[in-house]
Amino acid sequence: MLEQLLIFTQGGLILWTCQEFGNALKGSPIDTLIQSCLLEERSGAASYNYDGPQGAAYTLKWTFHNDLGLVFVAVYQRILHLLYVDELLAMVKHEFLEIYDPKRTAYSDFDETFRQLRKEAEARAEELKKSKQMSKPFSNSKKQGQVQKSGFEGGSKKKSEGALANDGGDGDRRKGSKLVNGHSNGHHVDIVESKVNGADNGIENMSSDAGAFDVNKLLKLRAKGGKKTDTVVSKGSKIEPKKKITKKNRVWNDSPPPEKLDFTDSVGENGNHIDVAADHGESMMDKEEIFSSESEDEEDEEVEKDSKPETKKKGWFSSMFQSIAGKASLEKLDLEPALKALKDRLMTKNVAEEIAEKLCESVAASLEGKKLASFTRVSSTVQAAMEEALVRILTPRRSIDILRDVHAAKEQGKPYVVVFVGVNGVGKSTNLAKVAYWLLQHNVSVMMAACDTFRSGAVEQLRTHARRLQIPIFEKGYEKDPAVVAKEAIQEATRNGSDVVLVDTAGRMQDNEPLMRALSKLINLNNPDLVLFVGEALVGNDAVDQLSKFNQKLADLSATPSSRLIDGILLTKFDTIDDKVGAALSMVYISGAPVMFVGCGQSYTDLKKLNVKSIVRTLLK
């Protein structure tokens, strides 16, 4: 039984809801569907499962009329598996469009029409269910007949094979028993197929000695193989070894190589170190990036080039007439070529295949049925819709101003705690130092917490960064509980009056449950203000697996009902990927967390904000 059916506009105005369903929905499944699915470009999915309070579990299905901006949503309990919901939504959509008037806001006269449509859909579902039940006995009897027939064939085959076995040997008797019984190593094999395969492989014509194991042949083959390898080695010894190629220093952006490669600090006899943090200059976080419009012009030219083969296929007159008069409504077949080209383009930019496919399905769902305007092409319409979708996904839905949050925590008399998490080797400690340098430039007192008590040299690495930046570091050595070390570091920062505590953690793979359990304990015990996932911009499909499993493990291993998940993303090695910027899109899409920092170099100043327009332009270029 349906729990609810609603019709509302894309602006949020509810036009009609069924008054018969008196049961109030537990939780807010409709609001969750809009926030988590429709606004997040996941509308291409077939359904959405909602887990509400008090054990409520609903399934939601929907359909659109994009030209009029209408949304039709049906809600039913997940345990029921109603088969007629899709058909009912299509019927309701067809009947409602006949009486729809943009000036009307109430449709109480649609109640009787919906009642009839629901009865008709339920009756069809019952007839379909009965027809399936009637067809089941027939199919079962047919299967039993085949089993009996195969049994008789097996009996006759057993007799004939037994007769052959008396004339042949033990090898044929074993093969015959395999074919007759239809089993090989415990797996059922069809007798008819074994007959065919036996005929193809020459089993029936094979003598008893053919399957015997010949040791002499094996020794001869081994001797031949040894001779061949010896000749190959002797030939290879004549080849002169290649000269070793010396590695040259890499030159970035056609700039001359640096004269000095050793940037270590000078240490005096008394152990005093020189402050080098002030020599690095202003952080890139505080610089605004300016992009020219040349890339937009090039993008338009490429779109025109891509659309030229389509116009040749359709013909000059038909394409000209369609561009002038416009198309009545866009269909799925019209969108498929442009969407396939967009999907391939996104995948070449390192977007995960699963996410590129979901994005294209969502764009198709938002454009299907919409009228194509005059003097516009399908490819340009699809590209504009995809650009809007990408901007909507990458734009943060909440404030990511850390400095404001730091000052708010300072007014409350507590330090602002940031925990850096991620897999091995992505650059957590290095980018932690970059964030610390950026905070120091804004007159924020910072303290580091060395909670990577697992990897050798992790504490020394963080100690080096703290010495260069001249900021305090809290450390307890190795083989300590990271959660306890972080707690003591926060207490020390509260006593010393530090504004921010940056917690470094050990790198761990998403499938390593003991380390994930330790990370979940650290987060639950200390309740940090920000959990930053540090990920490489080089990864493609692996980004989806890393983030989804990190969030899943943190949710499963949480000791509290309201589990703490990843709040933001820090992308590293962004200067090494050229135009393969798809990892940013994959990570944001799968987690819903914004990209707060982008690491783009080796020095402390190489940390900047994510430019959404630049990323979208690069993805669609």
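This is a predicted model, so every value here is computed, not measured.

Rules used in this analysis
Residues numbered from 1 in each chain as written. Predicted model: local features only at pLDDT ≥ 70, side-chain atom pairs only at ≥ 80, totals over all residues. Heavy atoms only, no water. 1 Å grid on protein atoms, 1.4 Å probe; cavity = no way out; pocket = protein on both sides within 12 Å on 5 of 7 lines; lining within 4 Å. Points joined across faces, edges and corners; volume = space filled by probe spheres on them. Helix = DSSP H or I, 4+ residues; strand = E, 2+ residues; numbered from the N terminus. Nonpolar A, V, L, I, M, F, W, Y, C, P; charged D, E, K, R; others polar. Core = buried A, V, L, I, M, F, W, Y, C linked by side-chain atoms within 4.5 Å. Buried < 20%, exposed > 50% of the residue type's maximum accessible area, 1.4 Å probe, protein only. Contact = heavy atoms within 4.5 Å. UniProt positions renumbered as here; feature names shortened; annotations may be inferred. Phe/Tyr/Trp six-rings, centres within 6.5 Å; stacked < 30°, edge-to-face > 60°. Axes fitted to C-alpha atoms, helices over the stretch in contact; angles between N-to-C directions. Parallel < 35°, antiparallel > 145°, perpendicular 65-115°, else oblique. Left-handed = near helix turned anticlockwise from the far one by under 90°. Polar contact = N/O pair within 3.5 Å; in protein donor to acceptor, adjacent residues only side chain to side chain. Salt bridge = Lys/Arg side-chain N within 4 Å of Asp/Glu carboxyl O. pLDDT = per-residue confidence, 0-100. Patch = residues over 30% accessible without salt bridge, like charges linked within 9 Å, V, L, I, M, F, W, Y side chains within 5 Å. Areas by Shrake-Rupley, 256 points an atom, 1.4 Å probe, with all protein chains shown as cover. Pairing = 2+ DSSP bridges.

Visitor: Explain the layout of surface pockets to me, and be specific about the residues and the numbers.
Guide: Size it by volume and the second largest pocket reaches roughly 870 Å³. Taken together, 29 residues make up the lining of the second largest pocket; nearest its centre are Ser36, Arg42, Ile590, Ser591 and Gly592. For the lining of the second largest pocket, the elements supplying multiple residues, two or more each, are α1 (29–38), α11 (378–394), α17 (541–556) and α18 (582–591). In the lining of the second largest pocket, the residues fall into 14 nonpolar, nine polar and six charged.

Visitor: How would you explain the nonpolar core if you had to name every residue and give the values?
Guide: Formed by 110 residues in total, the largest nonpolar core has its most connected members in Leu502 and Phe597. Considering every element that reaches this core, the biggest residue donor is α11, with eight residues. In this structure Phe597 touches Met285, Ile402, Val435, Trp438, Leu532, Ile569, Leu570, Leu571, Leu607 and Lys608, once residues within four positions along its chain are discounted. Leu5, Ala74, Tyr84 and Ala121 belong to the second-largest nonpolar core, a separate cluster that totals 26 residues.

Visitor: Tell me about empty space enclosed by the protein, residues and numbers included.
Guide: One pass over the full model with this rule turns up one cavity of 30 Å³ or more. Reported here for the largest cavity is a volume of approximately 30 Å³. Every residue lining the largest cavity is listed: Ile402, Val406, Tyr416, Val418, Val435, Trp438, Leu439, Val500, Leu502 and Phe597. Of all the elements in the fold, those that place two or more residues in the lining of the largest cavity are α12 (402–411), β8 (416–421), α13 (428–441) and β11 (500–504). With three residues, α13 is the largest single contributor of residues to the lining of the largest cavity.

Visitor: Summarise the UniProt feature "domain: SRP54-type proteins GTP-binding" (unreviewed entry) in the protein chain; cite the residues concerned and give the values.
Guide: Residues given the UniProt feature "domain: SRP54-type proteins GTP-binding" (unreviewed entry) here are residues 594–607. Segment residues 594–607 splits into 0% helix and 43% strand. End C-alpha atoms: 16 Å apart.

Visitor: Break down the packing of aromatic side chains for me, citing the residues and quoting the values.
Guide: Overall, the coordinates contain 11 aromatic pairs when judged by the stated rule. Their ring planes at 70° and their centres at 5.7 Å tell us that Trp438 and Phe597 sit as a pair that is edge-to-face. Pair noted here: Trp438 is in helix α13 and Phe597 is in strand β14 (residues 595–599), with a separation of 159 residues, a long-range link. As far as the burial class goes, Trp438 and Phe597 line up, both buried. Ring pairs connect the aromatic residues Trp16, Phe72, Phe96, Tyr100, Tyr107, Phe110 and Phe114, which therefore count as one cluster.

Visitor: For the packing of helix α9 (residues 332–348) against helix α10 (residues 353–367), give the residues involved together with the corresponding values.
Guide: Pairs of packed helices are described in terms of their axes, by the angle between the two and the distance that separates them. At a minimum axis separation of 9 Å, α9 and α10 run at an interaxial angle of 150°. Taken together, the axes of α9 and α10 are roughly antiparallel relative to one another. For the pair α9 and α10, the crossing hand works out as right-handed. Packed against α9, whose contacting residues are Leu335, Leu339, Lys343, Leu346 and Met347, the element α10 presents Glu353, Ala356, Glu357, Leu359, Cys360, Val363, Ala364 and Leu367 at the interface. Considered class by class, the residues forming the contact of α9 with α10 number 10 nonpolar, no polar and three charged.

Visitor: Got a sec to walk through the side chain of Arg468? Specific residues and values, please.
Guide: Relative to the helices and strands, Arg468 is located in helix α14 (residues 458–469). At 3.4 Å, the side chain of Arg468 and the side chain of Tyr604 are in polar contact.

Visitor: Explain the pattern of salt bridges residue by residue, including any values.
Guide: Under the counting rule described, the total for this entry stands at 23 salt bridges. For the salt bridge of Glu536 with Lys573, the shortest nitrogen-to-oxygen distance reads 2.4 Å. Within this pair, whereas Glu536 is found in strand β12 (residues 530–536), its partner Lys573 is found in the loop between β13 (568–572) and α18, the two being separated by 37 residues in sequence. The network of salt bridges with shared partners includes Glu87, Glu120 and Arg124.

Visitor: Give me the packing of helix α16 (residues 513–526) against α17: which residues, what numbers.
Guide: Following both chains from N to C, one finds α16 and α17 inclined at 65°, their axes separated by 9 Å at the closest point. For α16 against α17, the interelement crossing comes out right-handed. Judged by residue contacts, Glu513, Met516, Leu519, Ser520 and Ile523 of α16 engage Phe550, Lys553 and Leu554 from α17. Looking at the contact of α16 with α17 residue by residue, the class counts come to five nonpolar, one polar and two charged.

Visitor: I'd like to hear about the confidence of the model for the protein chain, residue by residue, with values.
Guide: Per-chain confidence: the protein chain averages 76 in pLDDT, with 69% of residues scoring 70 or above. Throughout residues 146–213 the model reports pLDDT below 50, and contacts reaching past four residues in sequence, or to other chains, amount to 32 contacts. Between residues 226–238, whose pLDDT stays under 50, and residues either more than four places distant or in other chains, the model counts zero contacts.

Visitor: Account for a nonpolar patch on the surface, with residues named and values stated.
Guide: A cluster of nonpolar side chains, namely Met1, Ile79 and Leu80, defines an oily patch on the protein surface of about 330 Å² accessible area. Along the chain, Met1 falls in the segment before β1 (2–9).

Visitor: Tell me about the pairing of strand β3 (residues 48–51), residues and numbers included.
Guide: Burial of the side chains of β3 is restricted to one face: Tyr48 and Tyr50 are buried, whereas none of Asn49 and Asp51 on the reverse face is. Sheet analysis places β3 next to strand β4 (residues 57–65), joined by four bridges and oriented antiparallel. Looking across to β4, one finds that Tyr50 is bridged to Tyr58. The loop that links β3 with its antiparallel partner β4 comprises five residues; one of these, Gln54, has a positive phi angle of about 60°.

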